[in-house]
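# An overview of the molecular structure
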Amino acid sequence: MDFEVMKAYLPRFWNALLLTLRIGWQGVALALALGVACAVHWKIPVLRQIVGGYIELFRNTPLLVQLFFLYFALPKIGVRISAETCGKLGLGLLGGAYMAETFRSGLENIPIIQTESAQSLGLRPAQAFGYI
């Protein structure tokens, strides 16, 4: 095995690793933000249809199909974004749909008596969930 060849390409592998980690973390951050936003707005009747459609669409299509759509179909309608942004957006949209369902089920599983008890004590919603 020729280690000189591997040594020559090591900086490229290092840059690729850093790029992958950056895209992954930014995609997860976007997914977290989308998931929380969708779970919180699930109770509003008008937004429930929009959030439900988003969740069904992105949970029922493979990530590769979504990435192909973002990278190849959006430029056909005039929306041009970089490959890195497509990766972040694709990971964020798919992860956000799954996280929205996770957060929503967690919020719906809180017993109503706990919410009513917090309200009777005068706690704000953020305090009732232990955020503050």
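What you see is a predicted model, and the numbers here were worked out from it, not measured in a lab. (Residues numbered from 1 in each chain as written. Predicted model: local features only at pLDDT ≥ 70, side-chain atom pairs only at ≥ 80, totals over all residues. Heavy atoms only, no water.)

## Structural notes on a nonpolar patch on the surface
Residues Trp14, Leu17, Leu18, Leu21, Trp25 and Val28 make up a contiguous nonpolar surface patch of about 640 Å² in total accessible area. Mapped onto the secondary structure, Leu18 falls in helix H1 (residues 3-40). You can call Leu18 partly exposed: its relative accessible area is 38%. (Patch = residues over 30% accessible without salt bridge, like charges linked within 9 Å, V, L, I, M, F, W, Y side chains within 5 Å. Areas by Shrake-Rupley, 256 points an atom, 1.4 Å probe, with all protein chains shown as cover. Salt bridge = Lys/Arg side-chain N within 4 Å of Asp/Glu carboxyl O. Helix = DSSP H or I, 4+ residues; strand = E, 2+ residues; numbered from the N terminus. Buried < 20%, exposed > 50% of the residue type's maximum accessible area, 1.4 Å probe, protein only.)

## Quick word on the packing of H1 against helix H4 (residues 83-108)
Contact pair H1 / H4: the axes reach a minimum separation of 6 Å and the direction vectors enclose 40°. Put simply, H1 runs oblique to H4. Like other packed secondary-structure pairs, H1 and H4 cross with a definite hand, here right-handed. The residue inventory of the contact of H1 with H4, partitioned by class, reads 16 nonpolar, eight polar and four charged. (Axes fitted to C-alpha atoms, helices over the stretch in contact; angles between N-to-C directions. Parallel < 35°, antiparallel > 145°, perpendicular 65-115°, else oblique. Left-handed = near helix turned anticlockwise from the far one by under 90°. Nonpolar A, V, L, I, M, F, W, Y, C, P; charged D, E, K, R; others polar.)

## Describing the environment of Ser82
Mapped onto the elements, Ser82 comes out in the loop between helix H3 (63-73) and H4. Looking at Ser82, the relative accessible area reads 39%, which means it is partly exposed. Placed twelve residues apart in sequence, Ser82 and Leu70 show a C-alpha to C-alpha distance of 9.8 Å.

## Brief notes about the side chain of Glu101
Structurally, Glu101 is set in helix H4. Side chain to side chain, Glu101 and Arg104 meet in a polar contact 2.9 Å long. Those residues in contact with Glu101, other than ones at most four positions away along the chain, are Ile55 and Arg59. (Polar contact = N/O pair within 3.5 Å; in protein donor to acceptor, adjacent residues only side chain to side chain. Contact = heavy atoms within 4.5 Å.)

## Here's the deal with the nonpolar core
Counting nine residues, the largest nonpolar core consists of Cys38, Trp42, Val51, Tyr54, Ile55, Phe58, Leu93, Ala97 and Ala100. Of all the secondary-structure elements, those providing two or more residues to this core are helix H2 (45-59) and H4. (Core = buried A, V, L, I, M, F, W, Y, C linked by side-chain atoms within 4.5 Å.)

## A word on the side chain of Gln66
Position of Gln66 relative to the elements: it lies in helix H3. The buried category is assigned to Gln66, whose relative accessible area is 6%. Excluding anything up to four places from it in sequence, Gln66 contacts Phe58, Thr61, Gly90 and Leu94.

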